[in-house]
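Geometric and topological summary
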Amino acid sequence: EPEVTQTPSHQVTQMGQEVILRCVPISNHLYFYWYRQILGQKVEFLVSFYNNEISEKSEIFDDQFSVERPDGSNFTLKIRSTKLEDSAMYFCASGVSGRATDTQYFGPGTRLTVL
Amino acid sequence: GDSVTQMEGPVTLSEEACLTINCTYTATGYPSLFWYVQYPGEGLQLLLKATKADDKGSNKGFEATYRKETTSFHLEKGSVQVSDSAVYFCALQGGSEKLVFGKGTKLTVNP
């Protein structure tokens, strides 16, 4: 069964450094998402991406964050200058459509630790 | 804005016990409702969903009914197994593309 994959599974970085989290969505999906979960808190929506542009973003997704689909298979989340509070599990998801009746399929997550 | 409230965990049960995890929501319009499960070391997997009022989602012995009058989507299973130990997340998707999640409920089933 096709699945969403994410790399790396764990990333440790120093505060102020740039990180890129990578995701390979399911191949026939058109909508891509990033969510994050700070330890002990809710899973929170960051951004959705369709047709090579951001279609929706949350207030968390400020200028420090960017997303890109650099080729036909990868979807990346970049954090330009990491802060301690960026430490979280980051989940990528993809879906065939953005409709509420369709399912978003999640990857296993990347645990980001900012020191 | 839209929100989801789940019962606090953790929940510890013996094998073959009945499970109910409460979930209520606040949303404008008619959202779709989901239960996702996260097994240890894995990502979020869709367990079941319901897209309109009175729909019942079911999978792997789990059920949840979309109750518009009580704005609830409680997860139930009649007889849990050790392999059901995981974190369960209730979520909704309303008029936008984003899923709104509850905090998650950790279930541990002991043999």
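Notes on the structure in this doc start here. Just so it is clear, the structure is predicted and the values come from calculations on it, not from any experiment. (Residues numbered from 1 in each chain as written. Chains lettered and ligands numbered in written order. Predicted model: local features only at pLDDT ≥ 70, side-chain atom pairs only at ≥ 80, totals over all residues. Heavy atoms only, no water.)

**Remarks on the overall build of chain B**
What counts here: Under the DSSP-based scheme used, a helix requires at least four consecutive residues in state H or I and a strand at least two consecutive residues in state E, with every element numbered from the N terminus. As defined in this context, the radius of gyration uses C-alpha atoms, and a globule is described by 2.2 Å times the residue total to the power 0.38. Contacts were defined at the residue level, with two residues in contact if any of their heavy atoms lie within 4.5 Å.
Within chain B one finds zero helices and 12 strands. Along chain B, helices and strands appear, N-terminal first, in the series β-β-β-β-β-β-β-β-β-β-β-β. For 111 residues, the compact-globule estimate of 2.2 N^0.38 gives 13 Å, and the C-alpha radius of gyration of chain B, at 13 Å, lies within 12% of that figure. Residue pairs at least 24 apart in sequence account for 54% of intrachain contacts in chain B once pairs closer than 6 positions are excluded.

**Some details on the side chain of Gln6 of chain A**
Residue and element names in this part refer to chain A. So the rule is basically this: Each residue's exposure class comes from its accessible area (1.4 Å probe, protein chains only) as a fraction of the maximum for that residue type: buried when under 20%, exposed when over 50%, partly exposed otherwise. Identification of polar contacts relies on pairs of N or O atoms within 3.5 Å, with a donor-acceptor requirement for protein atoms, meaning one able to donate a hydrogen and the other able to accept it, and with residues adjacent in sequence counted only if both atoms are side-chain atoms.
With respect to the helices and strands, Gln6 occurs in strand 1 (residues 5-7). When its relative accessible area of 7% is taken as the criterion, Gln6 is described as buried. Polar side-chain contacts of Gln6 include one of 3.0 Å to the backbone oxygen of Tyr90. A polar side-chain atom of Gln6 sits 3.0 Å from the main-chain amide nitrogen of Cys92. Look past the residues within four positions of Gln6 in its chain and what remains in contact with it is Arg22, Cys23, Trp34, Tyr90, Phe91, Cys92, Gly107, Pro108, Gly109 and Thr110.

**Section: unusual backbone geometry**
All names here are of chain A. Backbone torsion omega between Thr7 and Pro8 reads -10°, so that peptide bond is classified as cis. Assignment of secondary structure puts Pro8 in the loop between strand 1 and strand 2 (10-13). At Asn51, a position not held by glycine, the phi torsion is positive, near 55°. By relative accessible area, which is 58% here, Asn51 ends up exposed. Positive phi is not limited to glycine here, since Asn52 has a value of about 65°.

**Describing the packing of aromatic side chains**
Two aromatic rings are characterised by how far apart their centres lie and by the angle between their planes. Residue and element names in this part refer to chain A. Rule in force here: Aromatic pairing here means that ring centres of Phe, Tyr or Trp (its six-membered ring) are within 6.5 Å. Orientation follows from the plane angle: under 30 degrees is stacked, over 60 is edge-to-face, and everything else is tilted.
One pass over the structure, following the stated rule, counts 17 aromatic pairs over all chains. Here Phe61 and Phe65 contribute two aromatic rings whose centre-to-centre distance is 5.6 Å and whose plane-to-plane angle is 25°, an arrangement assigned as stacked. The burial state of Phe61 is the same as that of Phe65; both residues are buried.

**Comments concerning the pattern of salt bridges**
Residue and element names in this part refer to chain B. The test is simple: What counts as a salt bridge is simple: a side-chain nitrogen of Lys or Arg found within 4 Å of a carboxyl oxygen of Asp or Glu.
Evaluation of the coordinates by the stated rule reveals five salt bridges over all chains. Its salt-bridge partner being Lys56, residue Glu63 comes within 3.6 Å of it at the nearest N-O pair. Note that Asp84 and Lys77 form a salt bridge whose closest N and O atoms lie 2.7 Å from each other. For the residue pair Asp84 and Lys77, the accessibility class agrees, reading buried in each case.

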